[in-house]
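Examination of the molecular architecture
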Amino acid sequence: MERTRSWAEPYKIKMVEPVFMTTQEDRERFIREAGYNTFLLRSRDVYIDLLTDSGTSAMSDRQWAGIMMGDEAYAGSENFYHMEEAVRRYYGYKYVVPTHQGRGAEHLISQIMIKKGDFVPGNMYFTTTRLHQELAGGTFVDVIVDEAHDPESNFPFKGNVNLEKLEQLIKEKGADKIPYVSIATTVNMAGGQPISLGNLRELRALTNKYSIPIVHDMTRVAENAFMIQQKEPGYADKPVAEIVLEICALTDAATMSSKKDALVSIGGFLAMNDKEVFEKARNLVVVYEGLHTYGGMAGRDMEALAIGITESVQDSHIRARVGQVQYLGGKLLAAGVPIVRPIGTHGIFLDAKKILPQLTQDKFPAQTLAAEIYVDSGVRTMERGIVSAGRNAETGEHNYPKLELVRLTIPRRVYTQAHMDVIAESVQYVFENSQAIRGLEMVHEPKYLRFFQARFKKI
Ligand code: PLI
């Protein structure tokens with residue numbers, strides 16, 4: 001029996017990229033010029049970048065070697081076949097269509113399966129996923145368990161579907177109005193929360209009863225599988241790779257943003273088991289993305305992806321990846337900072353409603369808090385609240401989500417434990433000195449996915 005030891009990275013560092021600290025005076029100007037939107041900051045003005053875990057991973061020496069093996073043929077690139085083989089082997093889906101990133105796959109599946117007037121139930125929305133469902137004529141319906149909307153609930157599987165809610169929707173609208181159920185592993189907007197295999201199995205049984213397919217947003221499936229291994233009875237001794245296969249086998253098709261789990265800077269795919277859906281996707285991909293053997297990706301990127309998929313499902317990798325997130329979360333909890341619990345897998349989510357109770361939601365508490373943290377320490381975070389939730393397509397009013405969060409997203413294999421300490425110190429400082437903060441007013445609002453480019457001014 002091995003003695004228990006602290007988590008540590010299963011690699012050593014071979015190459016470094018300098019980061020620079022700016023002055024507080026500079027940062028006040030940078031964020032004002034960026035309209036108090038962290039998406040509009042220049043990366044050179046950021047010290048530690050926690051905007052996203054998307055496309056920000058450090059690649060391994062093997063992946064960089066793979067980059068040199070790029071076969072940039074327009075058709076039939078060797079790297080496509082390596083990627084296809086990795087998808088089949090580690091995820092188990094029969095057919096693969098590459099796309100430039102996750103939303104490219106979401107676009108294709110939405111156009112193929114959704115008709116005007118359809119309803120698409122899901123375990124909480126994701127911004128791009130829901131928008132593509134709506135653009136195809138569908139209406140998203142949230143069927144996640146209620147615990148997911150409560151940042152203080154310690155329920156271990158906040159990504160679970162409320163099956164009664166779902167069945168009620170099917171009975172009310174009719175199964176023919178529900179093209180598929182949309183299931184994310186993990187649930188990003190809930191705080192990186194996993195769905196359990198038990199719930200997924202029950203969901204499979206229910207959808208089989210009504211002949212409704214399940215489309216799997218598998219962007220962070222290995223992280224979800226790790227949480228199942230850690231928390232779901234019966235899985236403690238199962239390798240993450242086996243749990244990943246078990247999850248995928250319970251679904252019919254999948255959209256993937258390989259910029260997350262799969263450790264590459266760009267890319268994605270749509271995978272499925274149904275030949276007919278595959279034929280439609282192969283046909284559409286040439287319209288919007290590129291030929292069916294590259295779909296908007298360079299050959300070299302498909303090679304790095306094939307290798308990244310393999311690395312992403314190794315227990316040693318995922319244990320350290322999630323271990324680092326849990327380390328930061330543990331520090332913030334110990335300091336009394338209100339965060340979403342349980343701690344998720346890809347980042348820490350600060351509860352902005354609790355940290356800035358003086359602000360009503362239309363003063364954008366999470367947007368404000370992200371700007372304040374940047375000014376304090378140069379740490380860039382992201383709003384996941386009312387700005388991200390957008391407006392109701394029918395009434396034009398803001399959607400008022402229960403969760404008003406700031407996300408500290410941890411890139412994979414990029415930062416050290418000392419970086420985590422600096423982040424925790426800054427968040428604690430802002431939390432303890434937040435009484436005088438007054439909030440923001442929106443002065444520019446784009447029509448789609450407004451959080452990316454909206455601009456604000458201080459109240
Ligand atoms: O950014 P894309 O187009 O490769 O993928 C879109 C996407 C789909 N599903 C989920 C769960 C995501 O998290 C996701 C992208 N997420 C981003 C960019 C993020 O910062 O979380």
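Refer to the preceding data block for the structure.
Notes on the structure in this doc start here. The shown structure was predicted, so the numbers you read here are calculated from the model rather than taken from an experiment. (Residues numbered from 1 in each chain as written. Predicted model: local features only at pLDDT ≥ 70, side-chain atom pairs only at ≥ 80, totals over all residues. Heavy atoms only, no water.)

A closer look at the site of the ligand
Definition in use: Put simply, a residue is near a molecule or strand once any heavy atom of it comes within 4 Å of that molecule or strand. Definition of a polar contact: a pair of N or O atoms within 3.5 Å, with one able to donate and the other able to accept a hydrogen when the atoms are protein atoms, and with sequence-neighbouring residues admitted only if both atoms are side-chain atoms. The Shrake-Rupley method, run with a 1.4 Å probe sphere, supplies the accessible areas, and residue values consider only the shown protein chains as cover. Starting at the N terminus, helices and strands are each numbered in turn, a helix being any DSSP run of H or I of at least four residues and a strand any DSSP run of E of at least two. Charged means Asp, Glu, Lys or Arg here, nonpolar means Ala, Val, Leu, Ile, Met, Phe, Trp, Tyr, Cys or Pro, and polar covers whatever is left, Gly included.
Taken together, 17 residues are adjacent to the ligand, and T52, R103, D217, S257 and K260 come closest. Between the ligand and the protein, one listed contact pairs a nitrogen atom with a side-chain N or O atom of D217 at 2.6 Å. A distance of 3.0 Å is found between a nitrogen atom of the ligand and a side-chain nitrogen or oxygen belonging to K260. Contact with the protein chains hides 95% of the accessible area of the ligand, taken as 460 Å² for the molecule alone. Sort the elements by how many residues they give to the shell around the ligand and helix α4 (residues 102-113) lands first, with 3 residues. A breakdown of the residues in the shell around the ligand according to their chemical character gives 2 nonpolar, 8 polar and 7 charged.

Concerning the packing of helix α7 (residues 197-209) against helix α9 (residues 240-249)
Quick reminder of the rule: Note on definitions: angles span 0 to 180 degrees between N-to-C directions of axes, and those axes are lines fitted to C-alpha atoms, for helices only across the stretch in contact. Relative orientations are named as follows: roughly parallel for angles under 35 degrees, roughly antiparallel for angles over 145 degrees, roughly perpendicular for angles from 65 to 115 degrees, and oblique for any other angle. Crossings are assigned a handedness: left-handed for a near helix turned anticlockwise from the far helix by less than a right angle, right-handed for a clockwise turn. The contact criterion used throughout is that any non-hydrogen atoms of two residues lie within 4.5 Å.
At a closest axis distance of 10 Å, the pairing of α7 and α9 adopts a crossing angle of 20 degrees. It follows from the interaxial angle that α7 and α9 lie roughly parallel. Taken as a pair, α7 and α9 cross one another with a handedness that is left-handed. Touching L197, L200 and R201 of α7 are I243, E246 and I247, all from α9. Along the lines of polarity and charge, the residues of the contact of α7 with α9 split into 4 nonpolar, no polar and 2 charged.

Examining the pattern of salt bridges
The following threshold applies: By definition here, a salt bridge exists when the distance from a side-chain nitrogen of Lys or Arg to a carboxyl oxygen of Asp or Glu is within 4 Å. Buried means the residue's accessible area, taken with a 1.4 Å probe over protein chains only, is under 20% of the maximum for its type, while exposed means over 50%, and partly exposed covers the values in between.
The full count for this structure, using the stated rule, is 27 salt bridges. With a closest N to O distance of 3.0 Å, R201 and E246 form a salt bridge. Here E246 lies in helix α9 and R201 lies in helix α7, a separation of 45 residues in the sequence. For R201, a relative accessible area of 38% puts it in the partly exposed group. Two residues, K331 and D421, come together in a salt bridge whose shortest N-O distance is 3.0 Å. Residue K331 is found in helix α12 (residues 315-334), and its partner D421 is found in helix α16 (residues 417-432); the two are separated by 90 residues along the sequence.

Looking at the side chain of R321
Here R321 lies in helix α12. When its relative accessible area of 5% is taken as the criterion, R321 is described as buried. When residues no more than four places from it in sequence are discounted, the contact partners of R321 are D53, E223, T345, H346, I410, P411 and R412.

Describing the environment of M124
Turning to its location among the elements, M124 is positioned in the loop between β3 (119-122) and α5 (127-135). Put simply, M124 and I228 are 104 residues apart on the chain and 19 Å apart in space, counted from C-alpha to C-alpha. Residues in contact with M124, not counting those within four places in the same chain, are F140, D142, I144, A148, H149, V187, M189, A190 and L403.

Thoughts on a nonpolar patch on the surface
Rules: Like charges are joined within 9 Å and nonpolar side chains (Val, Leu, Ile, Met, Phe, Trp, Tyr) within 5 Å, but only among residues with over 30% relative accessible area and no salt bridge; these make up the patches.
Residues Y11, I13 and V16 make up a contiguous nonpolar surface patch of roughly 340 Å² in combined accessible area. Tracing the sequence through the fold places V16 in the segment before α1 (24-33). The class of V16 is exposed, set by a relative accessible area of 72%.

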